[in-house]
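One letter stands for each residue in the lines below.
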Amino acid sequence: MSPQPRLALSNPVGDETRKTTCYMCACRCGIDVHLKDGRIRYIEGNRAHPVNRGVLCAKGSAGIMQHYAPARLEGPLLRSGPRGSGRFRRISWEEALGLATEWMGSVRRTDPKKLAFFTGRDQSQALTSFWAQQFGTPNYAAHGGFCSVNMAAAGIMTIGGAFWEFGAPDWDRTKLFVLFGVAEDHDSNPLKLGISKLKSRGARFVSVNPVRTGYSAVADNWIGIRPGTDGLLILALVHELLRTRRIDVDYLVRYTNAPWLVIDAPGTAEHGLFARDREGRALIWETVTEQAVHHDLKGARPALSGRYQLGDGRFARPSFELLAEKYLDARYAPEAVAAETGIAAETICGLAAEIARVAFEEEIFVDQPWTDMHGARHDGFVGRPVSFHAMRGISAHSNGFQTARALHLLQVLIGAIDCPGGFRYEPPYPKPVEAHPRPHGRAEHFGSEQPLAGPHLGFPRGPEDLLIDEDGRPARIDKAFSWDAPISAHGLMHMVIANAHAGDPYPIDTLFLYMANMAWNSSMNTAGVIKMLEDKDGETGEYRIPRIIVADAYASEMTAYADLVLPDTTYLERHDCISMLDRPISEPDAVQDAIRWPVVEPDRDVRGFQSVLLDLGARLKLPGFVDARGTPLYRDYADYIVRHERRPGIGPLAGFRGTAGDRVGRGAINPAQLERYIENGSFFTHPIPAEALYFKHANRAYQDFAVKMGFFDQPQPVIFQLYQENLQKFRLSAQGVREPVAPESHRARILDSFDPLPDWYRPLEEAAIDRERYPLHAITQRPAAMYHSWGSMNAWLRQIHTANPLYVPGSVCDAAGLADGDWAWVISPHGRIKVEVARMEAVNGATVWTWNAIGKRKGAWGLDENAPEATKGFLLNHLIHELLPPKGDGLRWSNSDPVTGQAAWYDLRVRIEKAEPGAHSEPQFRPVERLGEAPDELRYGQEWSS
């Protein structure tokens, strides 16, 4: 039969279509941009793209209005009024780059650490981090510390990968899918496609979230958990699986450190560490020979319980015995956690039973022989068709790191990591911690006009890797990798302004921000941050933060606080690289990366930030950006993408390498590489061999494939770290028995939060306040139609959300005498806001919530001063402080996870009181001056253009 031509669902609306990559959220979907007379007329999904298969959400379709937004900056700006006024004068690019070079050059010559370079959701961290490393400042990080470092660090340290950008459920085979704390804005199209597959196959979908919106609304079961208690619920599930013995013991023995012997010697520097042989290999107790042998001895039969004496006289126990002993304790029983979580014991028991039933009674088998790293041949892949997915809802708590570890522990116990039907890795993951760098930035790592010896961000293996000086003081302005936040793998972006203002641990000279709205939506304590940005030294009269350079495409609230503004292009006017060196678009079955390219040319005096950064690098004569004669190495970012090599044959893009464009992963530079990507729809995909598709952590075929692709230079199998020795090293330092010894002020905090087995403790702010006085949790979610603050000024998307009410449970409304449309005061220990109320029943009864990022400051984003976003929209940020309440010892800790420094903005507790009717939300701030003109109305086909 001859195939029928595919029905065209849309007709061309322009005279040309160009394919590129969307930037309206983190999905990185493929899009077709229709052009007519050189202007964008329509954006739709690219049906050939592996991420979205043609599906496109409201955000992606509205990219046309992101491009033609009245908020776009028109050219470089130099502040001409007080900070925060929004008054600037236009200057040339030569003057702007000259000033930036002068300011930063002076810092680099005298004290490089006094430049703090932090970026928002820029998706080009492979370049920005390399630039900061060559500059020589230790003070660089991206937005992850504010967003998701708990997810990334916990996942990589436990299973060598993580949820979201590092892995995905096996949508085609999963029979039970459990979703924790995921709102609708992130990864929306892949999740929608995946959930539709589940629904079409009759698979069961359970959502654990305090609010039933979006994905939770279409779940078969919604579990409306109390915020901050997800970890306790998960460990109750672990308790039930252990109690009923519904775990995959063979999987634990093969792929985890469950049999590894843990030294039992309280009070010594080795207590709780793994027993090792002379080569440093962890030991197990072999049950046949009854002796300790190294863990990877082929054919060994390890013990999972018992206490054994080693040859040197020390005693040790398998880590699994410690695990079972901990979680079988009655405090983790469903009945014991029901009140704290707000979930009935029957529901917890039912979910545990369903997880076990599907995992073990609906086991699946993929008939594909494969060989493991020990050389053992297997007939096929055994699948446990239970999968989990999680994001910010469990991450943005001060106990989020341990909660995320607990969820990975749950997956491992049933054998559901990278198997058919379970969670699956996305290349270049999995990678063990040992494959990641240690952080660099101690005093010995940098000096004037010298690059750092290595990358800023990484994973400490113990306290000896902290970035502190001889007196224990932090080397970084955000105090990342110090005793305050030892494993802050993404930095602490939310603490930069507060610490710089306080001069703690030292003052800075220049704050360089890219696409980071720190004066409004990207800070926890908005009013406090604004005051810090405006504050001047009482003696000199100069600003406490002397210079601020902001690069952005739009006139955000933060732009008003810049001394110098470097205007970026929109995502449709520049080159971008969604790189294998950063966060590619890989799927579990394929290696994938992508580009953006200028589908239209800018009609303003703006430049792509990446090219500007390369220009600044050349002007500053940074190594890696100029040759030995001082000549720039790269013409622009497009040239950098093609010709930059991190190692010989390894560059930003994996596809179309080699002089003929026929190499994959490793290969020589191909001058036509970008053209090949554009011809291919702006993406590249390379399938993983069938034998390598599953069990990537222990699959020889995959490990060989990864080496061939250039992910690493030798196989790096992953052994799941259920018991995390690196955390125990910090506890030993806090006990004073291991060097370097933790400061006395930090010891209790480390002992409480660095348990080597996943743990739950009450969120720190919640534990420090009067919970009866502030009985309600207050959280935000991002709506499906918005993504970060710059999405909510989009002319089309504004018609969906122009203001955000506070959603309040019916029982709370009744108690406070509130009805729809009433106004209420929401009061926290830090502040109060006045908001409009909407009654809602599909929410945890102790939780109020709102949409995030809708509220705007008057004058920002090109919006009219009377726009509802500015008059009725609001932020919960005004109720949050970047510091925890004082304890009386003179110290104020960061309101963050003590392990990773993740901002804990979901720990907020409030009370609510009825207010007099009003016309606008409170607080209101003085307007900033709007940059340029803007229309009263913006219509499709009549886009505003200056």
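Just so it is clear, the structure is predicted and the values come from calculations on it, not from any experiment. (Residues numbered from 1 in each chain as written. Predicted model: local features only at pLDDT ≥ 70, side-chain atom pairs only at ≥ 80, totals over all residues. Heavy atoms only, no water.)

**A word on the overall build of the chain**
No. 1: Each helix and strand in the chain was counted, giving 27 helices and 34 strands.
No. 2: Computed over the C-alpha atoms, the radius of gyration of the chain is 27 Å, within 12% of the 30 Å expected from 2.2 N^0.38 for a compact globule of 946 residues.
No. 3: Its C-alpha atoms give the chain principal-axis dimensions of about 80 × 70 × 70 Å.
No. 4: Counting all 946 residues of the chain, 65% fall into the buried class.
No. 5: Considering only intrachain contacts with a sequence separation of at least 6, the fraction spanning at least 24 residues in the chain is 71%.
No. 6: The averaged location of the 116 negative side-chain charges in the chain is 1 Å from the averaged location of its 105 positive side-chain charges. (Helix = DSSP H or I, 4+ residues; strand = E, 2+ residues; numbered from the N terminus. Rg over C-alpha atoms; globule rule 2.2 N^0.38 Å. Buried < 20%, exposed > 50% of the residue type's maximum accessible area, 1.4 Å probe, protein only. Contact = heavy atoms within 4.5 Å. Lys, Arg positive; Asp, Glu negative; His and termini not counted. Charge placed at Lys NZ, Arg CZ, Asp CG, Glu CD.)

**Observations concerning the packing of helix 9 (residues 230-243) against helix 13 (residues 345-361)**
No. 1: Across the interface, helix 9 lies against helix 13 with an axial gap of 9 Å and an inter-helix angle of 60°. One element, helix 9, and the other, helix 13, form an angle in the oblique class. Along this stretch, helix 9 crosses helix 13, giving a crossing that reads as right-handed. Residues L233, A236, L237, E240 and L241 of helix 9 touch helix 13, and the partners they reach there are I348, C349, L351, A352, I355 and A356.
No. 2: Looking at the contact of helix 9 with helix 13, its residues break down into 10 nonpolar, no polar and 1 charged. (Axes fitted to C-alpha atoms, helices over the stretch in contact; angles between N-to-C directions. Parallel < 35°, antiparallel > 145°, perpendicular 65-115°, else oblique. Left-handed = near helix turned anticlockwise from the far one by under 90°. Nonpolar A, V, L, I, M, F, W, Y, C, P; charged D, E, K, R; others polar.)

**Notes on the sheet that holds strand 7 (residues 140-141)**
No. 1: In spatial order, the strands read 5-4-25-24-23-6-7; together these 7 strands make up an open sheet with mixed pairing. The outermost strands of the open sheet, each flanked by one partner alone, are strand 5 (88-90) and strand 7.
No. 2: The pairing of strand 4 (residues 77-79) with strand 25 (residues 564-567) spans 2 bridges and is antiparallel. Each bridged residue has a counterpart across the sheet, and for L78 the counterpart in strand 25 is L564.
No. 3: Helix 4 (residues 125-135) rests against strand 6 (115-119), strand 7 and strand 23 (510-514) of the sheet, and its axis sits at about 175° to strand 6. (Pairing = 2+ DSSP bridges.)

**Considering the nonpolar core**
No. 1: The biggest cluster of nonpolar side chains holds 181 residues, and the ones touching the most others in it are M104, W131, F512, L564 and L566.
No. 2: If one sorts the elements of this core by residue count, helix 3 (residues 93-110) sits on top with 8 residues.
No. 3: Not counting residues within four places of it along the chain, the set of residues in contact with F512 comprises M104, L115, A116, F117, F118, W131, I549, L566, F609, L613 and L616.
No. 4: In terms of nonpolar packing, the next biggest core, distinct from the first, is built from 112 residues, L242, F401, A416 and A734 among them. (Core = buried A, V, L, I, M, F, W, Y, C linked by side-chain atoms within 4.5 Å.)

**Things to note about the packing of aromatic side chains**
No. 1: Under the defined criterion, the tally for this structure stands at 40 aromatic pairs.
No. 2: An angle of 20° between the planes, with centres 5.4 Å apart, marks the rings of W370 and F381 as stacked. Of this pair, W370 sits in strand 18 (residues 370-371) while F381 sits in strand 20 (residues 381-383), and the two are 11 residues apart along the sequence.
No. 3: You can call W370 buried: its relative accessible area is 2%.
No. 4: Considering the side-chain rings of Y677 and F684, the 6.3 Å spacing of their centres and the 55° angle between planes classify their relative orientation as tilted. An identical accessibility class is assigned to Y677 and F684; each is buried.
No. 5: Sitting over the face of the ring of Y429, K431 holds its NZ or CZ atom 5.6 Å from the ring centroid. (Phe/Tyr/Trp six-rings, centres within 6.5 Å; stacked < 30°, edge-to-face > 60°. Lys NZ or Arg CZ within 6 Å of the ring centre and 35° of its normal.)

**Re the sheet that holds strand 3 (residues 39-45)**
One key point about sheets: their strands pair by backbone hydrogen bonds, in either a parallel or an antiparallel sense.
No. 1: Pairing within the open sheet is antiparallel, and its 3 strands lie in the order 1-2-3. Of all the strands in the sheet, just strand 1 (16-21) and strand 3 have a single pairing partner and so form its edges. Going from strand to strand, the sheet's axes swing by 30° on average, the running direction of each strand aside.

**Let's talk about the environment of V899**
No. 1: Mapping V899 onto the fold places it in the loop between helix 27 (868-871) and strand 34 (909-914).
No. 2: Using a relative accessible area of 0% as the deciding quantity, one classes V899 as buried.
No. 3: In this structure, the C-alpha to C-alpha distance between V899 and I487, residues 412 residues apart in sequence, is 5.6 Å.
No. 4: The contacts of V899, once residues within four sequence positions are left out, are F401, A485, P486, I487, S488, L727, S753 and F754.

**Here we look at the packing of helix 12 (residues 334-341) against helix 13**
No. 1: With their axes 8 Å apart at the nearest point, helix 12 and helix 13 run at an angle of 115° to one another. Judged by the twist between their axes, the crossing of helix 12 over helix 13 is right-handed. On helix 13, the residues touching P334, E335, V337, A338 and T341 of helix 12 are A345, I348 and C349.
No. 2: Residue composition of the contact of helix 12 with helix 13, grouped by class: 6 nonpolar, 1 polar and 1 charged.

**Digging into the pairing of strand 14 (residues 291-294)**
No. 1: Two strands pair when backbone bridges link them, and strand 13 (residues 283-286) and strand 14 are joined in this way by 4 bridges, in the antiparallel orientation. Of the residues in strand 14, the one forming a bridge with W285 is A292.
No. 2: Hairpin connection, strand 13 to strand 14: the antiparallel pair is bridged by 4 residues, and E290 has positive phi, about 55°.

**Description of unusual backbone geometry**
Trans peptide bonds make up the majority, and among non-glycine residues the majority have a negative phi.
No. 1: Put simply, P427 and P428 share a cis peptide bond, and its omega is 15°.
No. 2: Relative to the assigned elements, P428 resides in the loop between strand 22 (423-425) and helix 16 (496-502).
No. 3: Each neighbour pair has its own omega, and for D504 with P505 the value is 15°, a cis peptide bond.
No. 4: By the element assignment, P505 lies in the loop between helix 16 and strand 23.

**Quick word on the pattern of salt bridges**
No. 1: Tallied over the entire structure, the rule returns 69 salt bridges.
No. 2: The closest approach of N and O atoms between E449 and R108, which form a salt bridge, is 3.8 Å. Taken together, the positions of E449 in the loop between strand 22 and helix 16 and R108 in helix 3 put the pair 341 residues apart, joining distant regions of the chain.
No. 3: The partly exposed category is assigned to E449, whose relative accessible area is 42%.
No. 4: The closest approach of N and O atoms between D248 and R384, which form a salt bridge, is 2.9 Å. (Salt bridge = Lys/Arg side-chain N within 4 Å of Asp/Glu carboxyl O.)

**Considering helix 4**
No. 1: Across the 11 residues that make up helix 4, a large majority, 10, are buried.
No. 2: Among the residues of helix 4, those classed as buried are Q125, A126, L127, T128, F130, W131, A132, Q133, Q134 and F135.
No. 3: Among the structural elements, helix 3, strand 6, strand 7, strand 23, helix 18 (609-619) and helix 19 (637-643) are those in contact with the buried residues of helix 4.
No. 4: Taken from the residues just after helix 4, G136 is the one with a positive phi, measuring 100°.

**Considerations on helix 13**
No. 1: End to end, helix 13 covers 23 Å across 17 residues, agreeing with the expected 24 Å (1.5 Å per residue, within 8%).
No. 2: Buried residues of helix 13: A345, I348, L351, A352, E354, I355, A356, V358 and A359, and no others.
No. 3: Buried residues along helix 13 sit against strand 9 (176-180), strand 10 (204-208), strand 11 (221-223), helix 9, helix 12 and strand 21 (386-390). (Expected span 1.5 Å × (residues − 1).)

**Regarding the side chain of H67**
No. 1: Relative to the helices and strands, H67 is located in helix 2 (residues 63-67).
No. 2: For H67, a relative accessible area of 3% corresponds to the buried category.
No. 3: Polar contacts involving the side chain of H67 include one to the side chain of T570, which spans 2.8 Å.
No. 4: Those residues in contact with H67 that lie beyond four places of it in its chain are I40, R72, T570, L572, E573 and V600. (Polar contact = N/O pair within 3.5 Å; in protein donor to acceptor, adjacent residues only side chain to side chain.)

**Concerning the environment of C349**
No. 1: With respect to the secondary-structure elements, C349 resides in helix 13.
No. 2: Taking the relative accessible area as the measure of exposure, C349 reaches 25% and is therefore partly exposed.
No. 3: Separated by 20 residues in sequence, C349 and P369 place their C-alpha atoms 37 Å apart.
No. 4: If we ignore the near neighbours within four places in the chain, the residues touching C349 are E240 and P334.

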